[in-house]
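Below, each chain spelled out in residue letters.
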Amino acid sequence: MRLNTLNHALPIVAAAYGRQFGVAVHVGGDTACTDGRTIQIPQLVDDPIAKTLAWGYLAHEAGHVRHTDFKVWPDTAQHTALTRTITNILEDVRIEQAMLRDYPGTRQTLDAVLDWMLAKGQISAPTPHASPPTVFANSLLVLARYRYRQQAMLATVASQAEQVLRQVFPARFVHRLLGLMTALPQLGSTAEAVDLAQRIIALMEEETQAPVPHSHAPTPAADARPGQQEAPVQTPPESSGEVGADADDGDRDAQGDAGADAPQTEDQSTQGAEHDGQDSGSVADDGDAGAEAESCAAGSKMDTDRDRDRDRDRDAAVSAAGSAVAQTLSADAEAFPEDLFTQLAAVLDTHSQASPTLMPTLERSEGPQDQGQALLQQVRTHSATLTTRLQALVESQTRTRRRIVRAGRHLSGAHLHRAGVGDPRLFRRTDARRAPNTAIHLLVDLSSSMRGYQDRLALEAAMALALALEPIRGVSRAVTAFPGRQGDEAQVTQLLAHGERVARRSGAFVQRGRGSTPMTGALWFATADLLARPEPRKVLLTLTDGLPDDLDSARALIKQAGSAGIELIGVGIAHDVSRVFPVAIRIEAIATLKKALFQVAEQLLSRRP
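Residues numbered from 1 in each chain as written. Predicted model: local features only at pLDDT ≥ 70, side-chain atom pairs only at ≥ 80, totals over all residues. Heavy atoms only, no water.

Undergrad: Any chance you could explain the overall build of the chain here in plain terms?
TA: A count of helical and extended segments in the chain gives 19 helices and 12 strands. Burial analysis of the chain (609 residues in total) assigns 45% to the buried set. Pairs at least 24 residues apart make up 75% of the contacts formed inside the chain by residues separated by at least 6 positions. Just so you have it, the chain exposes about 30700 Å², and 50% of that area is on carbon and sulfur atoms. (Helix = DSSP H or I, 4+ residues; strand = E, 2+ residues; numbered from the N terminus. Buried < 20%, exposed > 50% of the residue type's maximum accessible area, 1.4 Å probe, protein only. Contact = heavy atoms within 4.5 Å. Areas by Shrake-Rupley, 256 points an atom, 1.4 Å probe, with all protein chains shown as cover.)

Undergrad: Would you take a moment to explain the pairing of strand β9 (residues 491–496) for this structure?
TA: Regular strands have side chains that alternate between both faces of the sheet. Of all six residues in β9, five are buried, a share of seventy percent or more. As paired strands, strand β4 (residues 361–364) and β9 are joined by four bridges and run parallel to one another. Bridging from a neighbouring strand, Leu362 pairs with Val492 of β9. Two strands pair when backbone bridges link them, and strand β8 (residues 475–482) and β9 are joined in this way by three bridges, in the antiparallel orientation. Within β9, the position partnered with Val479 by the bridge is Leu496. (Pairing = 2+ DSSP bridges.)

Undergrad: Please explain the sheet that holds strand β3 (residues 38–41) as it appears in this structure.
TA: The strands making up a sheet associate through backbone hydrogen bonding, with each pair oriented either parallel or antiparallel. Ordered by their spatial adjacency, three strands build an open sheet running β1-β3-β2, and the pairing between neighbours is mixed. Every interior strand has two partners, whereas the edge strands, β1 (24–27) and β2 (33–34), have only one. Across four bridges, the pairing between β1 and β3 is parallel. Each residue of the ladder has a partner; that of Ala24, found in β3, is Thr38. Where helix α2 (residues 10–21) meets the sheet, its contacts fall on β1 and β3, and the angle it forms with β1 comes to roughly 165°. The strands that helix α3 (residues 48–67) touches are β1, β2 and β3; relative to β3, the one it contacts most, it runs at about 165°. (Axes fitted to C-alpha atoms, helices over the stretch in contact; angles between N-to-C directions.)

Undergrad: Quick question: what am I supposed to make of the sheet that holds β9 here?
TA: Spatial ordering of the open sheet is given by β4-β9-β8-β7-β10-β11-β12, a layout of seven strands whose pairing is mixed. Strand pairing shows two members of the sheet lacking a second neighbour, β4 and β12 (583–587), which therefore form its edges. Neighbouring strand axes in the sheet, compared pairwise and without regard to direction, differ in orientation by 25° on average.

Undergrad: Please clarify how α2 should be interpreted in this entry.
TA: Count 3.6 residues to each turn of an α-helix, and residues three or four apart come out pointing the same way. With 12 residues, α2 extends 16 Å from end C-alpha to end C-alpha; this agrees with the ideal 16 Å at 1.5 Å per step. Three or more residues of α2 are buried, namely Leu10, Pro11, Ile12, Val13, Ala14, Ala15, Tyr17, Gly18 and Phe21. Downstream of α2 by a residue or two, Gly22 has a phi angle that is positive, lying close to 75°. (Expected span 1.5 Å × (residues − 1).)

Undergrad: Is there a simple way to explain the nonpolar core in this structure?
TA: Core analysis: the largest hydrophobic core is formed by 110 residues, its most contacted members being Tyr57, Ile86, Phe136, Phe169, Phe173 and Leu523. The next biggest cluster of nonpolar side chains, apart from the first, holds 46 residues, and it includes Val444, Ala481, Ala508 and Val600. (Core = buried A, V, L, I, M, F, W, Y, C linked by side-chain atoms within 4.5 Å.)

Undergrad: Sorry if this is basic, but what is going on with the confidence of the model for the chain here?
TA: Caution is warranted with low-pLDDT regions, since their predicted coordinates should not be read in detail. Mean pLDDT over the chain: 81, with 77% of residues reaching 70 or higher. Here helix α10 (residues 220–223) stands out as the element of the chain with the lowest mean pLDDT, 38, in contrast to helix α6 (residues 132–148), whose mean of 97 is the highest. (pLDDT = per-residue confidence, 0-100.)

Undergrad: Sorry if this is basic, but what is going on with the pattern of salt bridges here?
TA: Any two side chains of opposite charge can pair, given that their charged atoms come close. Enumeration according to the criterion identifies 23 salt bridges in this entry. One salt bridge connects Lys51 with Asp46, and the closest N-O pair in it is separated by 3.9 Å. Overall, the relative accessible area of 72% leaves Asp46 in the exposed class. Here Glu470 makes a salt bridge to Arg477, at a shortest N to O gap of 2.8 Å. Relative accessible area serves as the criterion here: at 23%, Glu470 is assigned to the partly exposed category. (Salt bridge = Lys/Arg side-chain N within 4 Å of Asp/Glu carboxyl O.)

The structure is reproduced here in structure tokens:
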């Protein structure tokens, strides 16, 4: 495996993310999760898509670890499911924006997750037939991310979501909700995100208490009870005059009938004929007026029915919209869609494969300083000869040498007399030796089998070697113990970091054996540390008294690291470790460990890479 290939291995990249973002990352187990301090991702199958999703998950959760104040995060006991849902949506956008300000390169990493989720249908606009909590949460999510996280790939989904939101919820509420969301870019803390979520909740509560508006006043017909006949339509005013005339004519006709035998003059006959004509026309007009009245009454009734149906539909829609707000307010956690990155974690889980811990998290131990200083003085006294010899060796290897040679560019004035005796060695040549330029990471096995005096002597030898290498220019060293202080295989304990002085970290070297031998995770941790170092030569030295818990995974990593140019050396304490390490040293007595380590260091520093 080439160095570039190893650099793209999941544990190495995860460790690089952890260093870059300043968060603890653990690779192992079978689930992706975070507890607010450490991010865990499982070992994934060799799939580029799975790794792309893992990088996005790491970047997002690193934003929470760096920027979310979990002390004010709404908990289950004191806040509703709606409050937690809204806060999570707002906080996700806020912390991602903060990550983009600190690390602009994470935009591509985070957006790649959204592109994949869109393509797979994991993000989509809600439908009008979905439950109100689903419509609200999905719409808030895509609108917040599209408008205020500037994720342009959500443009179409956000437009559709807003349309559905306006269909399901009252228009006034949607308008005010979108107004409140404009405060999202100014959120500077988790507390402010929680406050904005509570303001949205207050808006919803206010909406449920507002009276249902009516577009039109109710008509008498609409108020009529079923089975009750409508009031008769009144005759138009023009018809009432005609009826009055008929009544007068009737009186006059009766008078005429009473005097039928009386002789009439010509004028009277003429007037009678004209009067009869008027009576005939009045009867015809009465017929037309009645038809018009019936037609008007029918049309008015149809208009009233349409108004009543329209008002009923409008009132039903308004009532349904108000009910949607109430349903969303009272919904439990099951009614809301799952958090976006919780869904992503589940996807990563499906791409995981069983493995031991591949990248443990680092715990830093200070230890008892008084005991540490006592150990330091003891090491300085007992290891003085070895330290002096090692430093002299390195100095001799790096000392600049001058020679007088037969040819060159610079004459040596002190040797010009040689020309008189035929000696051609007149030129001065300087041979500059390079400093070692080597990074060394020393791993110390502190499993339970080392408990007793072996753990103490192993730590003393590690301190002695680190102390001897400290003043040597061009050598950087780090010391790490495994497993963690509580025997946790998911952790390693840092004794000394690159660039630190042993005197300030002496207390960390006072520890005891515990737990098993999770060597694979420790090797991954040290490998990631060395790959991050600028020194061209990288050496991983491991002290152990047994085989690793998972031999196959440890051997596989050692092979990968060796192919990438890292030198791996195993020192077995009364145990043969040649089955694990390509370069193996066995010591039978723990008392000779210190001398063996110094011999290894001498060979490393005297040999050019």
